[in-house]
Amino acid sequence: MYPIMHREEMSGGTVVLNEIHAPQIAARAKPGQFVILKANETGERIPLTMADTNPGSGTITVIYQVVGASTRLFKTLAVGQGYDDIIGPLGKPTRIEKAGTVLCVGGGTGVAVLHPITRAFKQAGNRVIGIIGARTRGLLILEDRMAAATDELHVCTDDGTYGHHGFVTDVLKTILARETVNQAVAIGPVPMMKFVCAITREAGVPTLVSLNPIMVDGTGMCGGCRVSVGGENRFACVDGPEFDGHKVDFDQLMQRLGAYRAEEAAIGAEHACKIGR
Amino acid sequence: MEKNTQTWALPRQSMPEQDPQVRRSNFKEVPLGYTEQAAVMEAKRCLQCKKPGCVQGCPVAVDIPGFIQKIADGNFDEAIKIIWRTNSLPAVCGRVCPQEIQCEGACILAKKAGAAVAIGNLERFAADRARAAQAQDLPAKEPATGKKVAVVGSGPSGLTVAGDLVLKGHDVTVFEAFHKAGGVLVYGIPEFRLPKDIVRSEVAMLERLGVTVACNQVVGRTVLLDELFEQGFEAVYVGVGAGLPTFLNIPGENLIGILSANEYLTRANLMKAYLFPEYETPIARGKNVVVLGAGNVAMDAARTALRLGAETVRIVYRRSRTEMPARGAEIHHAEQEGVEMFLLSNPVRFCGDAQGRLTGMDCIKMELGEPDASGRRRPVPMPDSDFHLACDLAIVAVGAGANPLLTGSTGGLKLNKWGYIVTEEESAKTTRRGVWAGGDIVTGAATVILAMGAGRIAANSIHKYLTLGW
Ligand SMILES: Cc1cc2nc3c(=O)[nH]c(=O)nc-3n(C[C@H](O)[C@H](O)[C@H](O)COP(=O)(O)OP(=O)(O)OC[C@H]3O[C@@H](n4cnc5c(N)ncnc54)[C@H](O)[C@@H]3O)c2cc1C
Ligand SMILES: Cc1cc2nc3c(=O)[nH]c(=O)nc-3n(C[C@H](O)[C@H](O)[C@H](O)COP(=O)(O)OP(=O)(O)OC[C@H]3O[C@@H](n4cnc5c(N)ncnc54)[C@H](O)[C@@H]3O)c2cc1C
Ligand code: SF4
Ligand code: SF4
Ligand code: FES
């Protein structure tokens, strides 16, 4: 078992942080890499990016949004309990370079994935501007850590309850009009990444995105995670999860993410009846 | 020794099976196994040939007349011991070997009496009986050598290496990427053909012998092969299989409802999605399913789809029946259950709706032309023969390639042009000192028994190396 050492709830309990003892993975993981977790014998294999690692204490941190049956199950795990299986580190690490000015854009839980990458770009000597957003103030995560990892942080909420009233893309446009940016990173919901990339493409700013297609093995064995990048099929688990955002077919990715919606609705109903009984 | 001259002409004992109409909606094993009586009757058909063709037909040269004689004598405990000398997974091989082109294909009775001795069924009988009777006394182990061996991959070839070397007194650790050991035996071949309890008991047996099975270890990611040497392993066996899905590369292949057989079968078998929602992994349940390809993998996918409630399941294959690479028994079982064959048909494109879901497939009819490099007649498209097949689930089972995850992160391994590891045939040594390889990652997708045979060769060579040097 991989025990949970520390646990936090954020965004009113819709986002959960687990710091998990997995020393072998903690020693090796780099920003941008992910793990696959399986809670118990009957559980699903769920990919989550590492939001932090601590080789000293042998722990990795994941931050996940509670969206379906498996993440609901994860949420029930208390400190001292844990996961039967964790596999990783998987995927390619982010290529951290000294590019000059780097713009890190994150939305929703994507901010958790963005944070270690942001920090690494800063440590590599870049000037780092952050833009993070959420639907409403209560759903915003990791503002303080993002503030520490950036030279300049902008916060947006869709409903204007905090920070800039509007989308991350509004702030993005303002900054691109203001100064030269050498590299962008965008991580969040697929539509957000799609719109960010549309803007940075026009501005000619190379943009990395981190993709989250449905996965099974995470080792390039099943092809379920295939995404179309520059017209070619790539496996996000081994060729990614980060890709050149200007080449990704986001519409296809969005459709493919819905592949099991009917089945998941069924399991949702099933769980609801169990609770109802 | 009793002469079996009168009994050989008796009909081959058939194996009782679940009725096709019943089994097409459950995941329980299809053939039910011989009774003791039937096994003895069948064993008595064997002529005990002086120069047995059957043994030559078996890639690991099981002493077939030897173990069959013991069954004929009712001495089942001795029978299994004879098999174990050369084959450590008889319950598996008895079920999945392509016997008709191996042992049974070379049995004299195949010609003489029209039906070979049912060697596979008898091997299965002996192994199942031993497992049920818990007759698996641990084989004798040699004294500990203190030498550490790493086996990467827990498929049949890795398990064979582990079993052989632990008995020779070495300290063996198996590294497996998945959360369960067994390779294709657990993630690929379905429960109705190979119950997972059998694989589990084989792995448990190795653990009782002292093998450490370390799951969730992706070598090349979690740990590098080079680091295994730093950790004190003196020899490494690479048996990572041919785990790379092949797609058709035709338009529309990323529509929802098109999966590789690897994904479909992994969800169904390893993740037990057929027990959804008790097991939480979902699986696409198609009404009208097409399976592209005609090997064992395709048959397994097709029969799984039926069991998951499909109304029609169609195998679409570009060559003809004689070229179908699946075991005869699987094709027969699939047809009995209602799988339809669309032979000499080639998919051209997939069609979908506005939501990106698969709705059908355009195909073209083929005819057989001149033989190609593989000696099989090459299928060529017939002009103006397009036709459309409506389907909501398509499973692509047209072969597997070499997964570059380990080989790409390990220096010093020579690969061939398809990415498979190059080894010395008689020793299974790779071009890197201290590293051996075998099974599908060397030969390309092949068979369980060939993977085990390669494991045996490597184990002997590794033992020699650990005692005498490279
Ligand atoms: C490489 C990678 C890294 C990821 N990192 C994080 C992370 O750090 N934090 C986080 O909150 N989430 C992350 N995800 C997404 C996370 O894996 C999914 O949210 C999770 O699998 C949903 O499981 P569930 O059973 O709770 O929901 P389900 O019931 O399976 O699904 C609920 C909804 O989510 C969609 N969905 C299903 N699987 C995925 C998937 N793999 N990705 C996205 N949506 C999916 C479904 O279509 C459905 O609409 C990552 C995904 C990948 C591939
Ligand atoms: C669906 C299906 C049906 C089949 N039916 C038959 C049949 O009826 N009869 C027959 O004889 N053959 C059959 N075969 C073929 C047979 O199963 C294979 O030839 C055989 O399993 C190959 O054995 P292997 O040990 O080389 O590799 P595998 O069985 O593929 O095992 C390799 C193992 O290595 C693991 N691995 C991979 N990469 C890494 C890594 N980097 N680190 C750690 N572990 C890793 C994998 O997860 C896997 O568990 C079938 C194959 C499939 C897919
Ligand atoms: S191992 Fe396979 S080929 Fe050899 S005797 Fe047994 S069933 Fe036949
Ligand atoms: S070839 Fe057939 S009859 Fe002869 S020993 Fe082998 S199994 Fe028996
Ligand atoms: S998750 Fe299976 S190939 Fe990527």
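This is a predicted model, so every value here is computed, not measured.

Rules and cut-offs
Numbering of residues starts from 1 in every chain and runs along the sequence as written. Chains and ligands are labelled sequentially in the order written, the chains with letters from A and the ligands with numbers from 1. This being a predicted model, a pLDDT of at least 70 is required before a residue's local features are given, and a value of 80 or more before pairs of side-chain atoms are given or counted; all residues contribute to the totals for chains, interfaces and linings. Derived side-chain values reflect all non-hydrogen atoms in the structure, with water molecules and hydrogen atoms excluded from consideration. Strands are runs of DSSP state E lasting at least 2 residues, helices are runs of H or I lasting at least 4, and numbering of each runs from the N terminus. Residue burial is assigned from relative accessible area. The probe radius is 1.4 Å, only protein chains are included, and a residue is buried under 20% of its type maximum, exposed over 50%, and partly exposed in between. We call two residues contacting when some pair of their heavy atoms lies within 4.5 Å. By nonpolar core we mean a set of buried residues, namely Ala, Val, Leu, Ile, Met, Phe, Trp, Tyr and Cys, connected to one another through side-chain atoms within 4.5 Å. Residue ranges for the domains trace back to a domain assignment, done automatically or taken from a database. In short, buried area is how much 1.4 Å probe accessible area vanishes from two parts on joining, totalled over both. By definition, a salt bridge exists where a carboxyl oxygen of Asp or Glu is found within 4 Å of a side-chain nitrogen of Lys or Arg. Pairs of N or O atoms are called polar contacts if they sit within 3.5 Å, as long as, within protein, a hydrogen donor faces a hydrogen acceptor (for residues adjacent in sequence, only side-chain-to-side-chain pairs). If even one non-hydrogen atom of a residue comes within 4 Å of a molecule or strand, that residue is called near it. The protein chains shown are the only cover counted for residues, whose accessible areas, like all others here, come from Shrake-Rupley with a 1.4 Å probe. As a working rule, the residues Ala, Val, Leu, Ile, Met, Phe, Trp, Tyr, Cys and Pro are called nonpolar, Asp, Glu, Lys and Arg charged, and the rest polar, with Gly in that last group. Multiplying 1.5 Å by the residue count of a helix minus one yields the expected span of that helix. The rule is short: rings of Phe, Tyr and Trp, with Trp giving its six-membered ring, pair when the centres are within 6.5 Å, and they are stacked under 30 degrees, edge-to-face over 60, tilted in between. Charge over a ring is defined by NZ of Lys or CZ of Arg lying within 6 Å of the ring centre and within 35 degrees of the ring normal. One requirement defines pairing of two strands: DSSP has to find at least two bridges between them. In this analysis an axis means a line fitted to C-alpha atoms, helices contributing only their contacting stretch, and an angle means the value between N-to-C directions, from 0 to 180 degrees.

A. View of the environment of Thr150(A). Residues and elements named next belong to chain A. Position of threonine 150 relative to the elements: it lies in the loop between helix H4 (143-149) and strand S10 (152-157). Judged by relative accessible area, which is 8%, threonine 150 ranks as buried. For the pair formed by threonine 150 and cysteine 104, sequence separation is 46 residues and the distance between their alpha carbons is 8.8 Å. Once residues within four sequence positions are removed from consideration, threonine 150 is found in contact with Thr118, Lys122, Val128, Ile129 and Gly130.

B. Focus on the nonpolar core. Core analysis: the largest hydrophobic core is formed by 79 residues, its most contacted members being Ile64(B), Phe67(B), Ile68(B), Ile71(B), Leu122(B) and Ile462(B). No other element matches helix H18 (residues 448-468) of chain B, which puts 9 residues into this core. Residues lining this core come from more than one domain, with at least three contributed by each of domain 1 (2-132) and domain 2 (148-243 + 401-468) of chain B. With residues up to four places along the chain from it excluded, the contact list for Ile462(B) reads Val149(B), Val161(B), Leu165(B), Ala235(B), Tyr237(B) and Trp436(B). Residues Ala236(A), Phe250(A), Leu292(B) and Leu358(B) belong to the second largest nonpolar core, which totals 55 residues.

C. Region of the structure containing the interface of chain B and chain A. The interface is formed by 45 residues belonging to chain B together with 44 residues belonging to chain A. Between chain B and chain A, a total of about 3700 Å² is buried, with carbon and sulfur atoms accounting for 52% of that surface. At the junction of chain B with chain A, the criterion picks out 2 salt bridges. Residue Glu227(B) is joined to Arg28(A) by a salt bridge in which the shortest nitrogen-to-oxygen separation is 2.8 Å. If you look at where chain B meets chain A, you find 21 residue pairs in polar contact (both at pLDDT 80 or more). Of all the secondary-structure elements, those providing two or more residues to the side of chain B that touches chain A are strand S5 (244-245), strand S6 (258-260) and helix H13 (261-270) of chain B.

D. Fine view of the site of ligand 2. Residue and element names in this part refer to chain B. Inspection of the region around ligand 2 gives 36 residues, with Val96, Glu176, Arg193, Val219 and Asp440 positioned closest. Residue valine 184 places a main-chain N or O atom 3.0 Å away from an oxygen atom belonging to ligand 2. Contacts to ligand 2 include alanine 446, whose backbone N or O atom sits 3.2 Å from an oxygen atom. Coverage of ligand 2 by the protein chains reaches 93% of its 1000 Å² of free accessible surface. Taken together, the elements giving at least two residues each to the shell around ligand 2 come down to helix H9 (156-167), helix H14 (296-307), helix H16 (404-407) and H18. Ranked by residues supplied to the shell around ligand 2, first place goes to H14 with 3 residues. Looking at the shell around ligand 2, its residues break down into 19 nonpolar, 12 polar and 5 charged. In terms of domain composition, the shell around ligand 2 takes at least three residues from each of domain 2 (148-243 + 401-468) and domain 3 (247-396).

E. Just the site of ligand 3, in detail. Looking at ligand 3, the residues that line it are Cys58(B), Pro59(B), Ile64(B), Asn87(B), Cys93(B), Cys97(B), Gln99(B), Gln102(B), Cys103(B), Glu123(B) and Ile449(B). Across the shell around ligand 3, the residue classes tally to 7 nonpolar, 3 polar and 1 charged.

F. Quick look at helix H11 (residues 196-209) of chain B. Residues and elements named next belong to chain B. For H11, built from 14 residues, the straight-helix expectation of 20 Å at 1.5 Å per residue is met to within 8% by its first-to-last C-alpha distance of 20 Å. Looking at the buried side of H11, the elements it contacts are helix H6 (90-96), helix H8 (119-132), H9, helix H10 (184-187) and strand S3 (212-214). One or two positions beyond H11, positive phi appears at glycine 210, with a value near 115°.

G. The arrangement of the packing of aromatic side chains in detail. Counted by the stated rule, this structure contains 9 aromatic pairs over all chains. Seen from their ring centres, Phe74(A) and Tyr83(A) are 4.9 Å apart, and the 90° between their planes marks the pair as edge-to-face. Like Tyr83(A), Phe74(A) is buried. Ring geometry for Phe342(B) and Phe387(B): centres 6.3 Å apart, planes at 20°, overall stacked. Linking Phe342(B) in strand S9 (residues 340-342) with Phe387(B) in strand S12 (residues 377-390), this pair joins segments that are 45 residues apart in sequence. Members of the aromatic cluster, each reached through a chain of ring pairs, are Tyr64(A), Phe74(A) and Tyr83(A). A cation sits over an aromatic face here: Lys148(B) above Phe233(B), 4.4 Å from the ring centre. The ring of Phe192(B) is capped by Arg307(B), whose NZ or CZ atom sits 3.9 Å from the centre of that ring.

H. Structural context of the domain arrangement of chain A. All names here are of chain A. Split by domain assignment, chain A resolves into domain 1 (2-90), domain 2 (94-210) and domain 3 (212-277). Between the C-alpha centres of domain 2 and domain 3 there is a distance of 23 Å. Across the contact, 15 residues belong to domain 2 and 13 residues belong to domain 3. Ranking the residues of domain 2 by area buried against domain 3 places Val190, Lys194 and Val209 at the top, with a combined share of 42%. Scanning the region where domain 2 abuts domain 3 turns up 1 salt bridge. Put simply, aspartate 251 and lysine 194 hold a salt bridge, and the shortest N to O gap is 2.8 Å. Along the contact surface separating domain 2 from domain 3 lie 8 residue pairs in polar contact (both at pLDDT 80 or more). Contributing elements (two or more residues each) for the side of domain 2 that touches domain 3: helix H6 (190-203) and strand S13 (207-210). The element contributing the most residues to the side of domain 2 that touches domain 3 is H6, with 7 residues.

I. Looking closely at the pattern of salt bridges. Residues and elements named next belong to chain B. The final tally for this structure, using the stated rule, is 40 salt bridges over all chains. Arginine 129 is the salt-bridge partner of glutamate 36, the closest N and O atoms lying 3.5 Å from each other. Here arginine 129 lies in helix H8 and glutamate 36 lies in helix H2 (residues 36-43), a separation of 93 residues in the sequence. A residue is classified by how much of its surface remains accessible, and glutamate 36, at 43% relative accessible area, is partly exposed.

J. Up close: the sheet that holds S3(B). All names here are of chain B. Read across the open sheet, the 5 strands follow the order S3-S2-S1-S4-S15; overall the sheet is parallel. Taken across any chain shown, the strands that pair with only one partner, and hence form the sheet edges, are S3 and strand S15 (435-437). Across the sheet, the mean angle separating the axes of adjacent strands is 20° when strand polarity is ignored. Where strand S1 (residues 148-152) lies against strand S2 (residues 171-175), 5 bridges are found, and the strand directions are parallel. Across the sheet, valine 152 pairs through a bridge with phenylalanine 175, a residue of S2. Running over the sheet, H18 touches S1, strand S4 (233-238) and S15 and is turned about 165° from S4.

K. The arrangement of the domain arrangement of chain B in detail. All names here are of chain B. According to the domain assignment, chain B contains domain 1 (2-132), domain 2 (148-243 + 401-468) and domain 3 (247-396). Computed from C-alpha atoms alone, the centre-to-centre distance between domain 1 and domain 2 is 28 Å. Counting residues at the interface gives 21 residues for domain 1, matched by 19 residues for domain 2. Together domain 1 and domain 2 conceal approximately 1700 Å² of surface at their shared face, both sides included; 73% is due to carbon and sulfur atoms. Inspection of the domain 1/domain 2 interface yields 0 salt bridges. Inspection of the region where domain 1 meets domain 2 yields 3 residue pairs in polar contact (both at pLDDT 80 or more). At the level of elements, helix H5 (76-86) and H6 are the ones that each hand at least two residues to the side of domain 1 that touches domain 2. Considering every element that reaches the side of domain 1 that touches domain 2, the biggest residue donor is H6, with 5 residues.

L. A look at the pairing of strand S10 (residues 345-352) of chain B. As judged from the 7 bridges shared by S10(B) and strand S11 (residues 358-371) of chain B, these two strands associate in the antiparallel manner. Its bridge partner lying in S11(B), Phe350(B) is registered against Met361(B).

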